[in-house]
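Survey of secondary and tertiary structure
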Amino acid sequence: MKAWLCENPVGVEALQWRELPAPALAAGHLRVDIRAASLNFPDLLIVQNKYQMKPPLPFVPGTEFSGVVTEVGEGVKGFKVGQRVAAFGGLGGFATEVCIPAMLAMPLPDGFSFEDAAAFICTYATSHHALMDRAALKAGETVLILGAAGGVGTAAIQIAKAAGAKVIAAASSDAKCQACQALGADAAINYTTQNLRDELKALTEGKGPDVIYDPVGGDMAEAAFRSIAWRGRYLVIGFAQGQIPALPLNLALLKGASLVGVFWGEFAKREPGNNARMLGELAGWYAAGKIKPVLDRVLPMEELPAAFARMAAREVVGKLVLTNS
(Lines give C-alpha, C1' and ligand atoms only; values in the text may rest on other atoms or scores of the structure.)
Protein backbone atom coordinates (compact mmCIF):
# COMPACT_ATOMS: atom_id res chain seq x y z
CA MET A 1 0.00 0.00 0.00
CA LYS A 2 0.99 3.66 -0.29
CA ALA A 3 0.33 6.35 2.29
CA TRP A 4 1.22 9.83 3.43
CA LEU A 5 3.43 9.13 6.46
CA CYS A 6 4.00 11.57 9.31
CA GLU A 7 7.21 10.75 11.19
CA ASN A 8 7.71 14.23 12.66
CA PRO A 9 4.59 16.41 13.22
CA VAL A 10 6.12 19.78 12.39
CA GLY A 11 3.80 20.54 9.50
CA VAL A 12 2.59 19.44 6.09
CA GLU A 13 6.07 19.79 4.58
CA ALA A 14 7.28 16.82 6.65
CA LEU A 15 4.73 14.37 5.18
CA GLN A 16 6.08 11.73 2.79
CA TRP A 17 4.21 9.66 0.17
CA ARG A 18 5.68 6.24 0.92
CA GLU A 19 5.31 2.55 0.13
CA LEU A 20 4.35 0.75 3.36
CA PRO A 21 3.52 -2.81 4.40
CA ALA A 22 -0.22 -3.52 4.43
CA PRO A 23 -1.57 -3.46 8.02
CA ALA A 24 -2.59 -6.70 9.72
CA LEU A 25 -6.33 -7.23 10.02
CA ALA A 26 -7.47 -7.61 13.64
CA ALA A 27 -10.67 -9.22 14.88
CA GLY A 28 -13.64 -6.90 14.66
CA HIS A 29 -12.06 -4.88 11.86
CA LEU A 30 -12.54 -4.31 8.13
CA ARG A 31 -9.89 -3.87 5.47
CA VAL A 32 -10.95 -1.07 3.12
CA ASP A 33 -9.58 -0.16 -0.30
CA ILE A 34 -9.74 3.65 -0.08
CA ARG A 35 -11.32 5.36 -3.08
CA ALA A 36 -11.66 8.90 -1.69
CA ALA A 37 -10.72 10.89 1.42
CA SER A 38 -11.57 14.43 2.50
CA LEU A 39 -9.73 17.09 4.46
CA ASN A 40 -11.05 18.30 7.80
CA PHE A 41 -9.46 21.04 9.90
CA PRO A 42 -8.19 18.53 12.52
CA ASP A 43 -6.16 16.84 9.75
CA LEU A 44 -4.10 20.02 9.48
CA LEU A 45 -3.78 20.46 13.25
CA ILE A 46 -2.68 16.87 13.85
CA VAL A 47 0.29 17.07 11.45
CA GLN A 48 1.29 20.34 13.16
CA ASN A 49 1.14 18.70 16.62
CA LYS A 50 -1.60 21.17 17.63
CA TYR A 51 -4.54 18.77 18.00
CA GLN A 52 -5.78 17.44 21.35
CA MET A 53 -5.18 13.87 20.20
CA LYS A 54 -1.48 13.20 19.60
CA PRO A 55 -1.03 9.77 18.00
CA PRO A 56 2.16 7.76 18.46
CA LEU A 57 4.72 8.21 15.69
CA PRO A 58 4.82 7.44 12.87
CA PHE A 59 1.20 7.71 11.74
CA VAL A 60 -0.87 8.15 8.59
CA PRO A 61 -3.24 11.15 8.85
CA GLY A 62 -6.67 11.34 7.29
CA THR A 63 -9.80 11.21 9.42
CA GLU A 64 -12.51 10.63 6.84
CA PHE A 65 -12.71 8.39 3.79
CA SER A 66 -14.79 6.04 1.67
CA GLY A 67 -14.03 2.86 -0.21
CA VAL A 68 -14.72 -0.83 -0.71
CA VAL A 69 -14.40 -3.63 1.86
CA THR A 70 -11.73 -6.11 0.71
CA GLU A 71 -11.50 -8.29 3.84
CA VAL A 72 -13.71 -8.90 6.88
CA GLY A 73 -12.14 -9.62 10.26
CA GLU A 74 -13.13 -12.34 12.69
CA GLY A 75 -16.36 -11.67 14.53
CA VAL A 76 -17.63 -8.97 12.19
CA LYS A 77 -21.29 -9.17 11.21
CA GLY A 78 -23.27 -7.05 8.79
CA PHE A 79 -20.46 -6.41 6.30
CA LYS A 80 -19.15 -8.36 3.31
CA VAL A 81 -16.34 -8.17 0.78
CA GLY A 82 -17.23 -5.77 -2.02
CA GLN A 83 -19.48 -3.60 0.13
CA ARG A 84 -19.17 0.18 -0.27
CA VAL A 85 -18.59 2.05 3.00
CA ALA A 86 -17.59 5.39 4.45
CA ALA A 87 -15.89 5.98 7.79
CA PHE A 88 -14.67 8.64 10.17
CA GLY A 89 -11.72 6.66 11.45
CA GLY A 90 -9.54 9.29 13.08
CA LEU A 91 -6.38 8.26 11.20
CA GLY A 92 -5.25 6.35 8.11
CA GLY A 93 -7.36 7.94 5.38
CA PHE A 94 -4.62 9.52 3.28
CA ALA A 95 -3.56 6.17 1.85
CA THR A 96 -4.63 3.48 -0.56
CA GLU A 97 -5.72 1.01 2.14
CA VAL A 98 -6.72 1.04 5.82
CA CYS A 99 -7.98 -1.31 8.53
CA ILE A 100 -10.70 0.12 10.77
CA PRO A 101 -13.04 -1.14 13.51
CA ALA A 102 -16.23 -2.33 11.80
CA MET A 103 -18.31 -0.22 14.22
CA LEU A 104 -16.92 2.94 12.57
CA ALA A 105 -18.05 1.99 9.06
CA MET A 106 -21.24 3.36 7.52
CA PRO A 107 -22.73 1.23 4.72
CA LEU A 108 -23.36 3.34 1.63
CA PRO A 109 -26.73 3.14 -0.12
CA ASP A 110 -26.92 2.92 -3.89
CA GLY A 111 -26.28 6.22 -5.63
CA PHE A 112 -23.95 7.59 -2.95
CA SER A 113 -20.72 8.52 -4.76
CA PHE A 114 -17.35 7.86 -3.11
CA GLU A 115 -16.47 11.57 -3.35
CA ASP A 116 -19.67 12.69 -1.60
CA ALA A 117 -19.37 9.90 0.97
CA ALA A 118 -15.81 10.90 1.89
CA ALA A 119 -17.02 14.45 2.59
CA PHE A 120 -20.19 13.50 4.44
CA ILE A 121 -19.91 11.98 7.91
CA CYS A 122 -17.90 14.52 9.90
CA THR A 123 -19.52 17.71 8.64
CA TYR A 124 -23.13 16.51 8.49
CA ALA A 125 -22.99 14.51 11.72
CA THR A 126 -21.44 17.48 13.54
CA SER A 127 -24.01 19.91 12.17
CA HIS A 128 -27.02 17.65 12.74
CA HIS A 129 -25.92 16.82 16.30
CA ALA A 130 -25.33 20.53 16.96
CA LEU A 131 -28.50 21.99 15.48
CA MET A 132 -31.09 19.26 15.97
CA ASP A 133 -29.88 17.65 19.22
CA ARG A 134 -27.89 20.19 21.22
CA ALA A 135 -29.80 23.31 20.09
CA ALA A 136 -33.20 21.63 19.56
CA LEU A 137 -33.71 23.86 16.52
CA LYS A 138 -37.35 24.52 15.62
CA ALA A 139 -38.93 25.55 12.34
CA GLY A 140 -39.21 29.31 12.09
CA GLU A 141 -36.21 30.06 14.30
CA THR A 142 -33.23 32.06 13.02
CA VAL A 143 -29.75 30.55 12.86
CA LEU A 144 -26.51 32.50 12.44
CA ILE A 145 -23.75 30.35 10.95
CA LEU A 146 -20.21 31.69 11.31
CA GLY A 147 -17.57 30.44 8.85
CA ALA A 148 -20.55 29.43 6.75
CA ALA A 149 -18.61 28.66 3.54
CA GLY A 150 -16.51 25.90 5.12
CA GLY A 151 -17.24 22.19 5.35
CA VAL A 152 -19.33 22.20 8.54
CA GLY A 153 -20.78 25.59 7.62
CA THR A 154 -22.18 24.47 4.28
CA ALA A 155 -23.58 21.34 5.95
CA ALA A 156 -25.17 23.49 8.67
CA ILE A 157 -26.88 25.71 6.08
CA GLN A 158 -28.50 22.70 4.42
CA ILE A 159 -29.57 21.05 7.68
CA ALA A 160 -31.01 24.26 9.13
CA LYS A 161 -32.99 24.88 5.95
CA ALA A 162 -34.23 21.28 5.94
CA ALA A 163 -35.47 21.91 9.50
CA GLY A 164 -37.43 24.98 8.38
CA ALA A 165 -35.18 27.62 9.95
CA LYS A 166 -34.18 31.03 8.62
CA VAL A 167 -30.43 31.04 7.93
CA ILE A 168 -28.03 33.99 8.13
CA ALA A 169 -24.62 33.00 6.77
CA ALA A 170 -21.49 34.88 7.80
CA ALA A 171 -18.32 34.51 5.73
CA SER A 172 -15.10 36.36 4.93
CA SER A 173 -15.67 37.42 1.31
CA ASP A 174 -18.44 38.41 -1.08
CA ALA A 175 -17.79 35.31 -3.18
CA LYS A 176 -18.22 33.06 -0.16
CA CYS A 177 -21.40 34.90 0.84
CA GLN A 178 -22.80 34.38 -2.66
CA ALA A 179 -21.96 30.66 -2.46
CA CYS A 180 -23.82 30.40 0.86
CA GLN A 181 -26.91 32.08 -0.57
CA ALA A 182 -26.79 29.76 -3.57
CA LEU A 183 -26.96 26.88 -1.05
CA GLY A 184 -30.12 28.31 0.48
CA ALA A 185 -29.04 30.87 3.10
CA ASP A 186 -31.70 33.58 3.42
CA ALA A 187 -29.13 36.32 4.00
CA ALA A 188 -25.36 36.66 4.19
CA ILE A 189 -22.94 38.94 6.03
CA ASN A 190 -19.38 39.60 4.88
CA TYR A 191 -17.75 40.11 8.26
CA THR A 192 -14.58 41.46 6.63
CA THR A 193 -16.37 44.53 5.27
CA GLN A 194 -19.62 44.70 7.28
CA ASN A 195 -20.33 45.18 10.99
CA LEU A 196 -21.65 41.86 12.28
CA ARG A 197 -23.77 43.30 15.10
CA ASP A 198 -25.33 46.03 12.95
CA GLU A 199 -26.23 43.60 10.17
CA LEU A 200 -27.71 41.07 12.62
CA LYS A 201 -29.83 43.76 14.24
CA ALA A 202 -31.20 44.82 10.86
CA LEU A 203 -31.82 41.27 9.60
CA THR A 204 -33.61 40.13 12.76
CA GLU A 205 -35.48 43.40 13.48
CA GLY A 206 -33.51 43.79 16.69
CA LYS A 207 -34.37 40.34 18.07
CA GLY A 208 -31.09 38.57 17.30
CA PRO A 209 -30.51 34.98 16.17
CA ASP A 210 -32.06 32.15 18.20
CA VAL A 211 -29.11 29.84 17.50
CA ILE A 212 -25.49 30.73 16.75
CA TYR A 213 -23.34 28.02 15.14
CA ASP A 214 -19.67 28.87 15.70
CA PRO A 215 -16.85 26.70 14.30
CA VAL A 216 -14.52 29.74 14.12
CA GLY A 217 -14.01 31.15 17.63
CA GLY A 218 -11.59 34.05 17.85
CA ASP A 219 -12.57 37.70 17.86
CA MET A 220 -16.05 37.28 16.34
CA ALA A 221 -17.42 35.22 19.21
CA GLU A 222 -18.16 38.06 21.62
CA ALA A 223 -19.82 40.26 18.98
CA ALA A 224 -22.01 37.34 17.95
CA PHE A 225 -22.91 36.40 21.53
CA ARG A 226 -23.84 40.02 22.32
CA SER A 227 -26.35 39.81 19.45
CA ILE A 228 -28.06 36.57 20.52
CA ALA A 229 -31.83 36.44 21.09
CA TRP A 230 -33.51 35.89 24.44
CA ARG A 231 -33.21 32.17 25.31
CA GLY A 232 -30.70 31.81 22.50
CA ARG A 233 -28.31 28.87 22.18
CA TYR A 234 -24.65 29.51 21.31
CA LEU A 235 -23.09 26.36 19.83
CA VAL A 236 -19.35 25.95 20.40
CA ILE A 237 -18.22 23.83 17.43
CA GLY A 238 -14.50 24.63 17.13
CA PHE A 239 -11.81 27.27 16.86
CA ALA A 240 -10.71 27.46 13.22
CA GLN A 241 -9.36 30.99 13.73
CA GLY A 242 -6.89 29.53 16.24
CA GLN A 243 -7.88 31.65 19.24
CA ILE A 244 -10.16 30.29 21.97
CA PRO A 245 -12.39 33.22 22.96
CA ALA A 246 -13.01 34.32 26.56
CA LEU A 247 -16.68 35.28 26.70
CA PRO A 248 -18.02 37.47 29.52
CA LEU A 249 -20.46 35.13 31.25
CA ASN A 250 -22.73 38.00 32.29
CA LEU A 251 -23.92 38.01 28.67
CA ALA A 252 -25.45 34.56 29.16
CA LEU A 253 -27.23 35.84 32.27
CA LEU A 254 -28.55 39.01 30.62
CA LYS A 255 -29.90 37.18 27.57
CA GLY A 256 -31.11 34.04 29.37
CA ALA A 257 -28.86 32.34 26.84
CA SER A 258 -27.13 28.96 26.83
CA LEU A 259 -23.51 28.28 25.91
CA VAL A 260 -23.62 24.76 24.47
CA GLY A 261 -20.62 22.54 23.74
CA VAL A 262 -20.73 20.30 20.67
CA PHE A 263 -18.41 17.28 20.46
CA TRP A 264 -19.88 14.89 17.92
CA GLY A 265 -17.01 12.38 18.18
CA GLU A 266 -17.59 11.86 21.89
CA PHE A 267 -21.38 11.71 21.34
CA ALA A 268 -20.82 8.91 18.80
CA LYS A 269 -18.76 6.93 21.35
CA ARG A 270 -21.09 7.46 24.31
CA GLU A 271 -24.40 7.17 22.44
CA PRO A 272 -23.74 4.82 19.50
CA GLY A 273 -27.40 3.94 19.05
CA ASN A 274 -28.46 7.58 18.78
CA ASN A 275 -25.54 8.28 16.46
CA ALA A 276 -26.49 5.38 14.17
CA ARG A 277 -30.08 6.64 13.98
CA MET A 278 -28.84 10.12 13.14
CA LEU A 279 -26.57 8.84 10.36
CA GLY A 280 -29.47 6.83 8.98
CA GLU A 281 -31.64 9.95 8.90
CA LEU A 282 -28.87 11.90 7.16
CA ALA A 283 -28.44 9.17 4.54
CA GLY A 284 -32.18 9.39 3.90
CA TRP A 285 -31.96 13.16 3.50
CA TYR A 286 -29.11 12.69 1.01
CA ALA A 287 -31.16 10.18 -1.00
CA ALA A 288 -34.09 12.60 -0.99
CA GLY A 289 -31.89 15.44 -2.27
CA LYS A 290 -32.28 17.58 0.87
CA ILE A 291 -28.52 17.64 1.54
CA LYS A 292 -25.44 17.19 -0.62
CA PRO A 293 -21.78 17.84 0.23
CA VAL A 294 -20.26 20.91 -1.39
CA LEU A 295 -17.00 19.81 -3.02
CA ASP A 296 -14.51 22.62 -3.51
CA ARG A 297 -12.07 20.51 -5.54
CA VAL A 298 -11.35 16.84 -6.19
CA LEU A 299 -7.60 16.14 -6.46
CA PRO A 300 -5.43 13.03 -6.78
CA MET A 301 -4.27 11.60 -3.42
CA GLU A 302 -0.68 12.44 -4.38
CA GLU A 303 -1.56 16.15 -4.28
CA LEU A 304 -2.32 16.26 -0.54
CA PRO A 305 0.22 19.08 0.13
CA ALA A 306 -1.53 21.32 -2.42
CA ALA A 307 -4.88 20.57 -0.79
CA PHE A 308 -3.50 21.46 2.65
CA ALA A 309 -2.10 24.72 1.24
CA ARG A 310 -5.53 25.67 -0.12
CA MET A 311 -7.12 24.89 3.25
CA ALA A 312 -4.50 26.90 5.17
CA ALA A 313 -5.08 29.88 2.86
CA ARG A 314 -8.82 29.80 3.71
CA GLU A 315 -9.71 29.51 0.03
CA VAL A 316 -11.98 26.46 0.39
CA VAL A 317 -15.74 26.56 -0.12
CA GLY A 318 -17.12 23.27 1.22
CA LYS A 319 -14.76 20.29 1.31
CA LEU A 320 -11.55 19.24 -0.47
CA VAL A 321 -11.52 15.60 -1.60
CA LEU A 322 -8.60 13.39 -2.66
CA THR A 323 -9.06 10.26 -4.76
CA ASN A 324 -7.09 7.13 -5.59
CA SER A 325 -7.14 6.16 -9.26
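Everything in this summary refers to the structure shown in the same document.

Cut-offs used in this document
- Residues numbered from 1 in each chain as written.
- Predicted model: local features only at pLDDT ≥ 70, side-chain atom pairs only at ≥ 80, totals over all residues.
- Heavy atoms only, no water.
- Core = buried A, V, L, I, M, F, W, Y, C linked by side-chain atoms within 4.5 Å.
- Buried < 20%, exposed > 50% of the residue type's maximum accessible area, 1.4 Å probe, protein only.
- Helix = DSSP H or I, 4+ residues; strand = E, 2+ residues; numbered from the N terminus.
- Contact = heavy atoms within 4.5 Å.
- Pairing = 2+ DSSP bridges.
- Axes fitted to C-alpha atoms, helices over the stretch in contact; angles between N-to-C directions.
- Salt bridge = Lys/Arg side-chain N within 4 Å of Asp/Glu carboxyl O.
- Arc of directions from axis to C-beta.
- Phe/Tyr/Trp six-rings, centres within 6.5 Å; stacked < 30°, edge-to-face > 60°.
- Lys NZ or Arg CZ within 6 Å of the ring centre and 35° of its normal.

**Topic: the nonpolar core**
- In this structure, Phe120, Leu131, Tyr213, Leu235 and Leu282 are the most contacted members of the largest nonpolar core, which totals 47 residues.
- Listing elements by their share of this core, those giving two or more residues are helix 3 (121–134), strand 8 (142–145), helix 4 (151–162), strand 9 (166–171), helix 5 (174–183), strand 11 (211–214), helix 9 (264–270) and helix 10 (272–287).
- Other than its neighbours up to four places away in sequence, Leu235 contacts Ala130, Leu131, Arg134, Ala135, Val211, Ile212, Tyr213, Asp214, Val260 and Val262.
- Counting 38 residues, the second largest nonpolar core, distinct from the first, contains Val98, Leu299, Met301 and Ala307.

**Considering unusual backbone geometry**
- Residue Leu57 is joined to Pro58 through a cis peptide bond whose omega torsion reads -10 degrees.
- By secondary structure assignment, the location of Pro58 is in the loop between helix 1 (41–47) and strand 4 (64–72).
- With a phi angle near 60 degrees, Asn49 is a residue other than glycine that sits in the positive phi range.
- Within the fold, Asn49 resides in the loop between helix 1 and strand 4.

**Observations concerning the pairing of strand 13 (residues 258–261)**
- Examined bridge by bridge, strand 12 (residues 233–236) and strand 13 share 4 bridges and lie parallel to one another. When the sheet's bridge partners are listed, Arg233 is paired in strand 13 with Ser258.

**Here we look at the sheet that holds strand 11**
- In spatial order, the strands read 10-9-8-11-12-13; together these 6 strands make up an open sheet with parallel pairing. The sheet is open, and its two borders are formed by strand 10 (187–190) and strand 13, each paired with just one other strand. Taken over all neighbouring pairs, the strand axes of this sheet differ in orientation by 20 degrees on average, direction set aside.
- Sheet analysis places strand 11 next to strand 12, joined by 4 bridges and oriented parallel. Following the sheet pairing, Asp214 is matched in strand 12 by Val236.
- Its contacts with the sheet put helix 5 on strand 9 and strand 10, and the angle it makes with strand 10 is roughly 165 degrees.
- The sheet strands contacting helix 6 (residues 196–203) are strand 8, strand 9 and strand 10, and the helix crosses strand 10 at an angle near 165 degrees.

**Some points on the pattern of salt bridges**
- Applying the stated rule across the entire model yields 13 salt bridges.
- One salt bridge in this structure joins Glu64 and Lys319, with 3.1 Å as the shortest N-O distance. One end of the pair, Glu64, is in strand 4; the other, Lys319, is in strand 15 (residues 319–323), and 255 residues separate them in sequence.
- Two residues, Arg310 and Asp296, come together in a salt bridge whose shortest N-O distance is 2.6 Å. With a gap of 14 residues between them, Arg310 in helix 11 (residues 304–312) and Asp296 in strand 14 (residues 295–300) connect regions that are remote in the sequence.
- Linked by salt bridges that have partners in common, Arg31, Glu71 and Glu97 make up one network.

**What to know about helix 5**
- Where helix 5 is concerned, the buried positions are Lys176, Cys177 and Cys180. Looking straight down helix 5, one finds that the buried residues subtend no more than 100 degrees of arc, so they occupy a single side. When the buried face of helix 5 is taken as reference, the exposed residues oriented beyond 90 degrees from it are Asp174, Ala175, Gln178 and Ala182.
- The inward-facing, buried residues of helix 5 contact helix 4, strand 9 and strand 10.
- Gly184 lies just past helix 5 and shows a positive phi near 125 degrees.

**Here's the deal with the packing of aromatic side chains**
- Under the defined criterion, the tally for this structure stands at 8 aromatic pairs.
- Relative to Trp17, the ring of Trp4 lies with its centre 5.5 Å away and its plane at 40 degrees, an arrangement referred to as tilted. One end of the pair, Trp4, is in strand 1 (residues 2–5); the other, Trp17, is in strand 2 (residues 16–19), with 13 residues separating them in the sequence.
- An aromatic cluster of three or more residues is present, and its members are Phe112, Phe120, Tyr124 and Tyr286.
- Its end group placed over the ring of Phe114, Arg84 keeps NZ or CZ at 4.8 Å from the ring centre.

**Digging into helix 11**
- Those residues of helix 11 lying buried are Leu304, Ala307, Phe308, Arg310 and Met311. Each buried residue of helix 11 sits inside an arc of 160 degrees when the element is viewed along its axis, so together they form one side.
- Residues of helix 11 that are buried sit in contact with strand 1, helix 1, strand 14 and strand 15.
- Once helix 11 finishes, Arg314 follows within two positions and takes phi at roughly 60 degrees, a positive value.

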